[in-house]
Structure formats: structure tokens, C-alpha cells
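Coordinate inspection notes
The lines below spell out each chain.
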Amino acid sequence: MPANRTSIRFKIRRQDAPGSPPYWQEFAIPYAPDHNVISALMVVQNNPVTTDGQRVAPVVWDRNCMEEVCGSCAMLINGVPRPSCSALIDSLTQPIVLEPLPKFPVVRDLLVDRSRIDEGLRKVRAWIEIDGAWDTHEGAPRISPSEWSANYLYSRCMSCGCCLSACPQFGPHSDFIGPAALAQVRLMNAHPTGRYDQADRLHAIMGDGGVSDCGNAQNCVRVCPKSIPLTTAIGELGRQTTVQAVKDLFGG
Amino acid sequence: MRHSTADPHFLLRRLHSLLGLLPVGAFLIFHLWENSQSRFGAAHYNGEVVAFLQGMNYLPILEIVIIALPLLFHAGYGLVITTQMRAELTRYRYVRNWLYWLQRASGIGILVFLLLHVGMTRIEGIWRVSVREDLFGHMQHLLSQPWMFGLYLTGLLLSVFHLANGLSTMGIVWGLTTSADAQRRFGFVCAGFGLLLAAIGLHGMIGFLP
Ligand code: HEM
Ligand code: SF4
Ligand code: SF4
Ligand code: FES
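All of the points below concern the structure found in this document.

What counts as what
- Residues numbered from 1 in each chain as written.
- Chains lettered and ligands numbered in written order.
- Predicted model: local features only at pLDDT ≥ 70, side-chain atom pairs only at ≥ 80, totals over all residues.
- Heavy atoms only, no water.
- Helix = DSSP H or I, 4+ residues; strand = E, 2+ residues; numbered from the N terminus.
- Buried < 20%, exposed > 50% of the residue type's maximum accessible area, 1.4 Å probe, protein only.
- Contact = heavy atoms within 4.5 Å.
- Areas by Shrake-Rupley, 256 points an atom, 1.4 Å probe, with all protein chains shown as cover.
- Lys, Arg positive; Asp, Glu negative; His and termini not counted.
- Charge placed at Lys NZ, Arg CZ, Asp CG, Glu CD.
- Near = heavy atom within 4 Å.
- 1 Å grid on protein atoms, 1.4 Å probe; cavity = no way out; pocket = protein on both sides within 12 Å on 5 of 7 lines; lining within 4 Å.
- Sits in = over half its atoms within 2 Å of the grid points.
- Nonpolar A, V, L, I, M, F, W, Y, C, P; charged D, E, K, R; others polar.
- Donors = N, O, S within 2.8 Å, 3.2 Å for Na, K, Ca; no water.
- Tetrahedral: all angles 85-135°; square planar, octahedral: opposite > 155°, others 65-115°.
- Polar contact = N/O pair within 3.5 Å; in protein donor to acceptor, adjacent residues only side chain to side chain.
- Core = buried A, V, L, I, M, F, W, Y, C linked by side-chain atoms within 4.5 Å.
- Domains from an automatic or database assignment.
- Points joined across faces, edges and corners; volume = space filled by probe spheres on them.
- Salt bridge = Lys/Arg side-chain N within 4 Å of Asp/Glu carboxyl O.

**Focus on the overall build of chain B**
The helix and strand tally for chain B stands at eight helices and zero strands. Principal-axis analysis of the C-alpha atoms places the extent of chain B at approximately 60 × 40 × 25 Å. Across the 210 residues in chain B, those meeting the buried criterion constitute 43%. In chain B, the proportion of contacts linking residues at least 24 apart, taken out of those at least 6 apart, comes to 71%. Counting only carbon and sulfur atoms, one obtains 74% of the accessible surface of chain B, whose full area is about 11300 Å². Computed over 14 positive and 9 negative side-chain charges, the inter-centroid distance for chain B is 15 Å.

The structure is reproduced here in C-alpha cells:
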């Protein structure tokens, strides 16, 4: 438990518009138990006055579900990328330093443009084709309980982008799609109907920015708030692409 | 639909990965083993080990095709890969993150060391007959200088680290190790392999000393 129980102090990196220079401001609110970063930011928003008494524009951030399932609230909290709704104030050292999620373009203050995550998912066809020119059903798809529970782990991804921020190979300097989209390839390829498009997904991740751009630093799996076994997915995709390359080169 | 054989990216990366082990890594193992024979003295080393290698038919072709070209490709493409690194070592202090950084840093270190090492042995030997004919004496002269011993020790450790850690990431890249447990276990196997190689290499270096 932190010693300071009288107030909650924030040091926030602010930016007025995309491309404008960032600057820092500090805020303090009276202590109340059981705050999380978002609920405390809401209190700041009610009365946006900095610690040196200056009234400023309210801090902008993103959030939706408040229960760590939507992924929209990820930011850098005391230097670590994580969802802010599940970052409990009582477990953080103060002043709590908030910065926008790195590697993504800042829209304003703590709000970033994470559309690159969606682009990655589109690029790897992270969906199941349920309708086609013909009926793809073979009765209800059946998978074993153990396969189901392994797949379930990957289905929890909420596209928060924490793994991407921590990945040393991902960023504006590279076109690496990053671990989240790769894990979805692992998931969709394991689906009884999704298997039909396995080769297409594998070809998508065998091009520029695909699985080979991973450098195995394994930061992604350490920071993922949903404990998704990203590096297992990367290993399994290594195996699937090895087999796919043999098929591409030698037929079969 | 993009085909992995139409887009060279994947095959180039895998070629880079493969060449790191075969033939380059295999040569490193052979090279360290070969030089560990230094312990049996100048006569044996010059007369048996080096003479056998120097007497091989088509030696220059083998050296170029099996060692130089694969190494140059691996090193050149490795440098290209290294430009993609944006490591934040203090923010993410995980072991694997450090190993990731070290893999690239050691690659650059090896490149510098190899230029010096090949220059003062194989290349210098082309015009200095004394180097070619008494490689043992030449190495003894070099390694007797403490700073040169330090340089060789650094080069040895960087190379051995780079091979052992590269082997462990190859397990993930090629899909041998998928679960976190398997990756950890194989990591220990590679570390053991690295320590063994380092011991053989150091043994060889000490064998040259008077
Ligand atoms: C001469 C300069 C060298 C440079 C610049 C270099 C660079 C690199 C880089 C950047 C990687 C990481 C590739 C990736 O993760 O995608 C790598 C991997 C590797 N290197 Fe090197 N390297 C060099 C020399 C060597 C040597 C001498 C050996 C053999 C002893 C070697 C063996 C390996 C192996 C086995 C891998 C693992 C490949 C993988 O993970 O797929 N490298 N190298
Ligand atoms: S894999 Fe984890 S860290 Fe990455 S986007 Fe999904 S939930 Fe977030
Ligand atoms: S394991 Fe790969 S994807 Fe994950 S952080 Fe490292 S480089 Fe990025
Ligand atoms: S608000 Fe949805 S994850 Fe935080």
C-alpha cells in the first residue's frame, strides 16, 4: 500500500493535436479508495485544474467497457503498457505517470489511433467465411474439449495493442503486423470452418511484415493483460508456415 | 492470393536462419574443435591438423562456397534485420528481450572480429609464408599479447553466444518448440551446448600459449 493516502497525483503527457509538441501537466485529486486510473481521470475531468492552479482543457482519453474486455483504454501507466480501467490506483506508485500508448499516432492527449490493429487483422483475414458460393457446413463443427480450451485462450484478445507497444520489432519504422494479428491467425486456422482458408492466412503472414519479422524478444507475452500465449502462437505459426513452404515449393 | 514462393521475404528469412546453423554454425563447431588440438603441440597442430586442411583438394572453392558466401549473406541480411530493432532494454527488463538485443549486438561484434581474425590469419597467410607454414607459432605470438587474447576471447564468446541463442530462436522460427515450457527447456539445452562450445574454444586458445 503506498504511503500517500491523502491524494492521488498524476503526471500526464498531453498533446493538443496530432503532430503538435507534447507537454506535461500534473494533477491531484483527494484520495478515495478503490479508484482505477479511468475513474480517477473522471474526477480530474470534473475540475481540470493543474497542481499549479491553472485551469486547462480536460484530459482526453478513451474507454468503453470498464471491465478489461474492450481494449480501448490501453495507455502507458508508469512506463508499462496496460489497460487503464484495470489499473488500480492503490497498487500504483505516485505520481502516476500517464502517457499515450506508444507506437500509435496520438490523436489527442491519451487518445491514440489504433486503426493499424484492424488493418493487421484485415490483412491476415482474421475471420471465418461462413457463407460462400456453396454450403460449407458439414453439420455442427466438432472439436475436442482440449482443443477448444487451447483455442479459447486466443479468443480473449481485445485488440488493446499493449503487446504491439512492447514489441521491439513493431512501430512506425516497420510494417510488422505484430503478435496480436498473428495470434488470431493461429485461432482462425484452428477453427473447423476457418481451416478452409488456412493457406490464404499463412500466405498473408509469409509476406513482408509477417511472422518472419518477429525477433523473438517475447515482450508481447509478458505485457498482454489477457495472458494470451502469443509466443506459443508464433511457434505454432512457425511450424504451419514451414509445412506451407514445403507444400508451396514441392507441391502437395 | 500471395504465394510464399512468389514473395521472397519468407524464403529469404528462412534462408538466413538456416545458413546461420548450416553451414556457418556447423563450421564454427568444427573450427573450435579443430583448434582445440593446439594442446597437442606445434608439431601435431602444424603437421597433422593444419596440413590436412591445407592439403585438401579444391580448398579455396570449399572455403568460398561453404564458409565465405553463406557467412556474407547471413551477416549482410542480419544487418538489414538489425535495422528493424527498437529495443527498450530498461523498460522491458525480461531475459528474452536482452537476448534479442544481444543476438543483434553480438552479430555486429562478430562481424568486426571476423574481419580482423580472417585478416590476420587466412589473408595474411596468403603472402606471408611464415604464417602459413607455422600457424601454431603465429597464433602463439598473437595470443601471448594480453589484449589480443582478450580480443579473441571476446570474439569467441560472442560467436558461441550468437550460435547458441540463435539455435534456441530457430526452434521457434521453424516451429520445433511451441509451448512456453518447450521453449524454456530447449533454451537450457542451447545454453548447455553454448557452454560446452565455449569450453572447447577456450581450451583451444589456452593450448596455443607457451
Ligand atoms: C557476421 C555477422 C553476423 C550478423 C550481423 C548476424 C546477425 C544475425 C541476426 C540479426 C540474427 C537474428 C535473426 C532473426 O531473429 O530474425 C541472427 C540469427 C542467427 N545467427 Fe547470425 N549473424 C552473424 C554471424 C553469425 C555467425 C558467425 C553464426 C554462426 C555461428 C550465426 C548464426 C546464427 C543463427 C543460428 C541464428 C538464428 C536464426 C534464427 O533465429 O532463425 N550468425 N544473426
Ligand atoms: S494479444 Fe493481448 S496485448 Fe495484444 S492486443 Fe490482444 S489482448 Fe491486447
Ligand atoms: S516475440 Fe515477436 S511479436 Fe512478441 S514482442 Fe518479441 S518480436 Fe514482438
Ligand atoms: S475500458 Fe474496456 S478494457 Fe478498459
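Okay, back to it.
**Examining the overall build of chain A**
Helices and strands together make up the secondary structure of chain A, namely eight helices and seven strands. Sorting the 252 residues of chain A into buried and exposed places 52% on the buried side. On chain A, roughly 11300 Å² of surface is accessible, and the fraction owed to carbon and sulfur atoms is 54%. Distance between charge centres in chain A, computed from 24 positive and 25 negative side chains, equals 5 Å.

**Comments concerning the site of ligand 2**
Residues and elements named next belong to chain A. Contacts to ligand 2 come from 13 residues, most closely from C157, C160, G161, C163 and C224. At a threshold of 2 Å from the grid points, most atoms of ligand 2 map onto the largest cavity. Counted by class, the shell around ligand 2 contains ten nonpolar, two polar and one charged residues.

**Observations concerning the coordination of the iron atom of ligand 1**
All names here are of chain B. Of the protein atoms, only H74 (NE2) and H162 (NE2) coordinate the iron atom of ligand 1, at distances of 2.0 Å. Given six donor atoms and angles of 84 to 178 degrees at the metal, the environment of the iron atom of ligand 1 is assigned as octahedral. Taken as a pair, H74 in helix α3 (residues 59-82) and H162 in helix α7 (residues 146-173) lie far apart in primary sequence, 88 residues in all. Given a relative accessible area of 15%, H74 falls into the buried group.

**Points about the site of ligand 1**
All names here are of chain B. Around ligand 1, the surrounding shell holds 24 residues, and the nearest of these are S17, H74, G107, H162 and T169. At 2.7 Å from a nitrogen atom of ligand 1 is found a side-chain nitrogen or oxygen belonging to H74. Counting residues per element, the shell around ligand 1 draws most heavily on helix α1 (residues 8-35), at eight residues. Looking at the shell around ligand 1 residue by residue, the class counts come to ten nonpolar, twelve polar and two charged.

**Details of the nonpolar core**
Residues and elements named next belong to chain A. Counting residues in each nonpolar core, the largest one holds 43 residues, and the members touching the most others are F104, V124, L182, I205, L230 and L237. Broken down by secondary-structure element, the contributors of at least two residues to this core are α4 (162-166), α5 (179-190), α6 (198-205), α7 (219-223) and α8 (230-250). Counting residues per element, this core draws most heavily on α5, which supplies seven residues. A domain split of this core shows at least three residues from each of domain 1 (7-112) and domain 2 (115-250). In this view, L237 contacts L182, V185, R186, N189, L202, I205 and V211; residues no more than four positions away in its chain are not counted.

**What to know about empty space enclosed by the protein**
Residue and element names in this part refer to chain A. Within the structure shown, the criterion is met by six cavities of 30 Å³ or more. When its volume is computed, the largest cavity comes out at roughly 110 Å³. As for the largest cavity, its lining consists of 15 residues, and the residues nearest its centre are C157, C163, A180, C224 and I228. Looking at which element gives the most residues to the lining of the largest cavity, the answer is α5, with three residues. Residue composition of the lining of the largest cavity, grouped by class: eleven nonpolar, three polar and one charged. In this structure, the second largest cavity spans a volume of roughly 100 Å³. The wall of the second largest cavity is formed by 14 residues, among which C167, C214, A217, Q218 and C220 lie closest to the centre.

**Some points on the pattern of salt bridges**
The tally for this structure, following the rule as stated, stands at ten salt bridges over all chains. We note a salt bridge from R125(A) to E129(A), for which the minimum N-O separation is 3.0 Å. A salt bridge links D181(B) to R184(B); its shortest N-O distance comes to 3.2 Å. Of this pair, D181(B) and R184(B) both sit in helix α8 (residues 180-208), three residues apart, which is roughly one turn of the helix. Classification of D181(B) by relative accessible area gives partly exposed; the value is 42%.

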